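Overview (structure and organization)
The lines below spell out each chain.
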Amino acid sequence: MADMKTEVVETDLLIVGGGMAACGAAVEAAYWAKQHGLKVTLVDKAAVDRSGAVAMGLSAINQYVGIKDGKNTVEDYVKYVRSDLMGITREDLVYNIARHVDSTVHLFEKWGLPIWKDAEGNYVHEGRWQLMINGESYKVVVAEAAKNALGAENIYERIFIVGPLMDGDVCVGAVGFSVREEKFYIFKAKAVLVAMGGAVHVFKPRSSGEGLGRAWYPPWNSGSSAYFTLKAGAEMTCQEVRFIPVRFKDAYGPVGAWFLLFKSRATNGMGGDYMAERRDELEKWVPYGKVKPVPANLRNWLMMLDVMDGKGPIYMRTEEAINKIASESGDEKAAKKKIKELEGEAWEDFLDMTISQAILWAGTNTAPEEKPSEIAAAEPYFIGSHSGASGAWVSGPKDLAPQEYFWGYANMSTVPGIFCAGDASGASSHKFSSGSHAEGRIAAKAAIDYIMDHPDSRKYDQRQIDALKAEILKPLEMFEQFGKASTDPEMNPNYIKPKMFMFRLQKIMDEYAGGVSSQFKTSKALLEKGLDLLQYLKEDSAKLAAEDLHELMRCWENIHRMWQAEAHVRAILFREETRWPGYYFRADKPSMDEKDWKVFVNMKWIPKDNKWEVFSKPIISIVN
Ligand code: SFD
Ligand code: AMP
């Protein structure tokens with residue numbers, strides 16, 4: 001395996017990842033590239049048709065501003081996101097996505113995505129910003145447009161991208177390997193657009209044993225975006241802003257349709273409504289505690305307080321919500337008909353995007369119109385596109401960004417040649433599937449401009465490439481060399497297999513960085529101890545062993561997760577306050593400090609010194 005064949009691919013724009021942001025980037029880049037005679041190449045670890053978070057489909061488009069309907073403005077959206085993130089947001093980035101997202105949604109519809117319509121032909125809204133869709137084939141529809149735009153010959157599937165290729169401080173490509181054939185890949189490019197999603201399974205999941213691997217966000221998004229940008233020396237932001245979604249318990253079904261469309265309540269084991277009973281708690285988190293809707297993390301927090309008081313289980317009152325809507329629809333016959341209709345919509349909500357929840361309902365004889373279902377706070381995820389905010393620190397758009405937030409090209413990271421979108425770019429939450437696609441388009445257009453402005457050919461250092469190849473394939477060699485030293489290859493004195501390595505990482509994060517088992521609580525002392533243990537883990541990462549290409553991918557997925565973990569621990573340690581109590585709680589700094597900590601926490605890893613720098617950056621508001 002060590003003498004694995006190397007394939008070199010030369011291109012102008014390299015898009016790494018094949019999810020929502022990457023597909024948006026592909027469509028836009030192809031358009032501009034054609035005009036300038038440039039080549040665009042896309043590389044995905046999986047198959048674009050069903051890769052990333054939208055693999056299973058989605059039941060709603062969560063970002064649609066509806067500018068042409070005149071009901072909402074882009075400024076309204078910026079205010080909504082700012083409040084939901086407790087004031088910590090790059091308003092220029094959120095604004096830029098919000099003003100373009102509707103056109104992306106209209107493209108989805110043109111490409112064949114069925115969006116629900118009412119009798120008058122208007123979109124059916126789930127909530128103010130969300131549209132209902134028949135989204136089982138959402139990703140297939142979006143992928144088809146990307147594939148048509150780029151051409152099959154420019155799409156590489158089942159290639160795992162490990163990291164960046166650098167020429168000094170400039171990114172000149174990426175390296176990876178095929179997970180199906182013995183081939184090492186070098187992609188040489190004039191710009192790289194990073195869109196490899198967020199990170200799941202950094203923390204110990206609630207689902208263990210029989211349910212191991214089940215998570216809300218896709219387990220195959222394993223921190224590759226964060227690793228890629230960190231290793232290139234890019235500045236990162238909001239690495240402390242993890243996301244903890246409340247979901248239907250154990251199968252992670254979505255709650256949005258229940259809370260917003262069906263107007264359901266959630267109540268505790270005693271029948272109490274925590275959003276009403278604990279309203280006073282919100283005073284502690286003003287000004288954000290007072291806004292409508294209550295920020296996601298504070299909704300979580302009120303529920304967590306009930307759980308910590310032993311008032312569980314927490315139930316989504318599906319039966320109450322369905323029967324209430326039905327009873328308002330007319331006589332008994334009309335009510336019965338309405339119940340049937342709502343029942344269908346409830347099942348469809350899960351079958352569109354979280355099929356396992358429908359299976360769990362079936363397996364537990366749950367009829368939503370008859371009995372409530374448990375909900376719970378999931379384990380933490382790193383997802384800049386949803387209600388978290390972690391990602392790379394990127395330039396804003398020229399016409400909107402304050403000077404401090406602008407360095408030439410929209411969505412370019414602080415490393416020349418690296419552009420980021422979707423989960424990969426930070427401090428621009430609530431972009432979801434549609435906004436990620438729109439942001440991919442924005443970033444791709446800017447990347448083509450960058451390539452046109454920097455047309456010279458790039459320099460490549462063969463020694464760097466050889467060293468990267470040796471490092472990346474080392475786990476295969478470890479196994480070849482030591483695999484026979486024990487009867488069971490899973491247990492060996494010379495190496496560690498990726499699964500065990502992942503368990504160790506998850507245990508550290510769970511116990512020291514505020515995971516599920518610690519009720520999401522941590523402190524300086526715990527974080528310092530966790531950081532200490534992470535260093536031992538890092539040492540042991542050199543001993544990872546892989547039996548085959550699939551395990552080699554698992555090794556690198558877990559190294560990526562480990563870097564995301566370290567960035568996270570360093571960021572929560574630096575921010576000496578609790579700002580998002582329903583995402584994590586610093587027990588030693590239990591309140592919010594607007595005076596000193598209404599700032600971004602940014603960081604970078606400095607390649608030449610192998611050192612981390614953590615620092616703050618000011619928040620500059622552009623919307624009153
Ligand atoms: O209700 C490598 N999301 C929802 N968005 C909505 O608009 N509506 C919803 O209903 C949503 N809900 C939801 C959502 C996600 C999930 C999992 C569920 C429910 C169950 C969020 C969106 O899906 C999300 O915001 C976007 O998909 C983010 O886009 P992007 O492009 O940043 O990430 P991606 O789509 O997951 O794609 C990642 C790609 O990277 C590839 N990849 N490729 C090469 N090498 C590597 N090392 C790689 N690592 C990863 C992946 O294969 C993939 O192609 S609700 O719950 O809120
Ligand atoms: P979810 O299914 O939880 O991902 O929610 C989908 C969308 O609805 C996201 O934009 C959420 O922020 C929003 N949402 C979910 N629950 C509520 C709620 N109780 N109040 C306001 N917005 C919500």
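Now for a description of the structure that goes with this document. (Residues numbered from 1 in each chain as written. Chains lettered and ligands numbered in written order. Predicted model: local features only at pLDDT ≥ 70, side-chain atom pairs only at ≥ 80, totals over all residues. Heavy atoms only, no water.)

**A few points about the site of ligand 2**
Rule in force here: Being near a molecule or strand, for a residue, comes down to having at least one heavy atom within 4 Å of it. Whenever a nitrogen or oxygen atom comes within 3.5 Å of another N or O atom, the pair is scored as a polar contact, on the condition that within protein one atom can donate a hydrogen and the other can accept it, and that pairs from neighbouring residues in sequence are kept only if both atoms are in side chains. Computed by Shrake-Rupley with a 1.4 Å probe, the accessible areas treat only the displayed protein chains as cover when residues are assessed. In this text, helices come from DSSP runs of H or I with a minimum length of four residues, and strands from runs of E with a minimum of two, each type numbered from the N-terminal end. When residues are sorted by character, Ala, Val, Leu, Ile, Met, Phe, Trp, Tyr, Cys and Pro go into the nonpolar class, Asp, Glu, Lys and Arg into the charged class, and all the rest, Gly among them, into the polar class.
Close to ligand 2 lie 13 residues, the nearest being Q130, R247, G256, R299 and H386. Here an oxygen atom of ligand 2 sits 3.5 Å away from a polar atom, N or O, in the main chain of V255. R299 places a side-chain nitrogen or oxygen 3.4 Å from a nitrogen atom of ligand 2. Look at ligand 2: alone it shows 480 Å² of surface, and the protein chains cover 87% of it. Per-element accounting of the shell around ligand 2 gives the leading share, three residues, to helix α6 (residues 256-261). Of the residues in the shell around ligand 2, the class split is seven nonpolar, four polar and two charged.

**Some words on the layout of surface pockets**
As a reminder, the rule being used: A pocket here means an open set of points on a 1 Å grid, computed over the protein atoms alone, that has protein on both sides within 12 Å along at least five of seven lines. A cavity is instead a set of points where a 1.4 Å probe fits but cannot get out; residues with an atom within 4 Å of a point line either one. Grid points are joined across faces, edges and corners, and a volume is the space filled by probe spheres set on the points.
Roughly 560 Å³ of internal volume is contained in the second largest pocket. Lining the second largest pocket we find 24 residues, and of these M166, K231, A232, G233 and P607 sit closest to its centre. Every element with two or more residues in the lining of the second largest pocket is listed here: β7 (159-167), α5 (224-231), α13 (462-482) and β20 (599-606). Per element, the largest residue contribution to the lining of the second largest pocket is five residues, and it comes from α13.

**Quick word on the packing of helix α9 (residues 318-327) against helix α10 (residues 332-351)**
Spelled out, the test is: Note on geometry: axes are C-alpha line fits, over the in-contact stretch for helices, and angles between N-to-C directions span 0 to 180 degrees. Orientation categories follow fixed angle ranges, with anything under 35 degrees roughly parallel, anything over 145 roughly antiparallel, 65 to 115 roughly perpendicular, and all other angles oblique. In this scheme the crossing of two helices becomes right-handed for a clockwise turn of the near helix relative to the far one and left-handed for an anticlockwise turn of less than a right angle. Two residues form a contact once any of their heavy atoms are found within 4.5 Å.
Closest axis-to-axis distance for the α9/α10 pair is 8 Å, and the angle between their directions is 140°. Comparing their axes, α10 and α9 come out oblique. The crossing of α9 and α10 is right-handed. Mapping the contact onto sequence places I322, N323, I325 and A326 in α9 and A335, K338, I339 and L342 in α10. When grouped by side-chain class, the residues that make up the contact of α9 with α10 number six nonpolar, one polar and one charged.

**Here's the deal with the sheet that holds β20**
What counts is decided by this rule: Two strands are said to pair when DSSP picks up at least two bridges between them.
Sheet architecture is open: four strands sit in the order β16-β11-β20-β21, paired in antiparallel fashion. At either margin of the open sheet sits one strand with a lone partner, and together these are β16 (391-392) and β21 (611-618). Bridge analysis of strand β11 (residues 236-237) against β20 gives two bridges, and the strand direction is antiparallel. Residue pairing for β20: M236 is matched across the bridge by M603. Against the sheet, helix α16 (residues 549-574) engages β20 and β21, with an angle of about 50° to β21.

**Section: the site of ligand 1**
Around ligand 1 sit 35 residues in total, of which D44, A60, S385, H386 and S433 are the nearest. Here an oxygen atom of ligand 1 and a backbone polar atom of A21 are 2.8 Å apart. Within the side chain of S385, one N or O atom sits 2.6 Å away from an oxygen atom of ligand 1. Breaking the shell around ligand 1 down by element, the ones donating at least two residues are α1 (20-36), β4 (60-61), β7 and α12 (432-453). Split by residue class, the shell around ligand 1 holds 17 nonpolar, 14 polar and four charged.

**Things to note about the packing of helix α14 (residues 498-512) against α16**
Here α14 crosses α16 at 15°, and the two axes come no closer than 9 Å. Looking at the two axes, α14 sits roughly parallel to α16. By crossing handedness, the relation of α14 to α16 is classed as left-handed. Of α16, the residues touching α14 (which contributes P498, F501, M502, L505 and M509) are E551, R554, C555, N558, R561, M562, A565, H568 and V569. Taken together, the residues that form the contact of α14 with α16 break down as nine nonpolar, two polar and three charged.

**Topic: the pattern of salt bridges**
Once their charged atoms are close, side chains differing in charge can pair, the charge on each being opposite to the other. Selection rule: Any Lys or Arg side-chain nitrogen found within 4 Å of a carboxyl oxygen on Asp or Glu counts as a salt bridge. Classification of residues uses two cut-offs on accessible area relative to the type maximum, computed with a 1.4 Å probe and protein chains only: under 20% is buried, over 50% is exposed, and between them is partly exposed.
Tallying each qualifying case throughout the model produces 44 salt bridges. The salt bridge involving R317 is made with E319; its shortest N-O contact spans 2.9 Å. Accessibility expressed as a relative area gives 18% for R317, which makes it buried. Where E320 meets R317, a salt bridge forms, and the shortest distance between an N and an O atom there is 3.8 Å. Because the salt bridges share partners, they merge into one network encompassing E240, R575, E577, R579 and E594.

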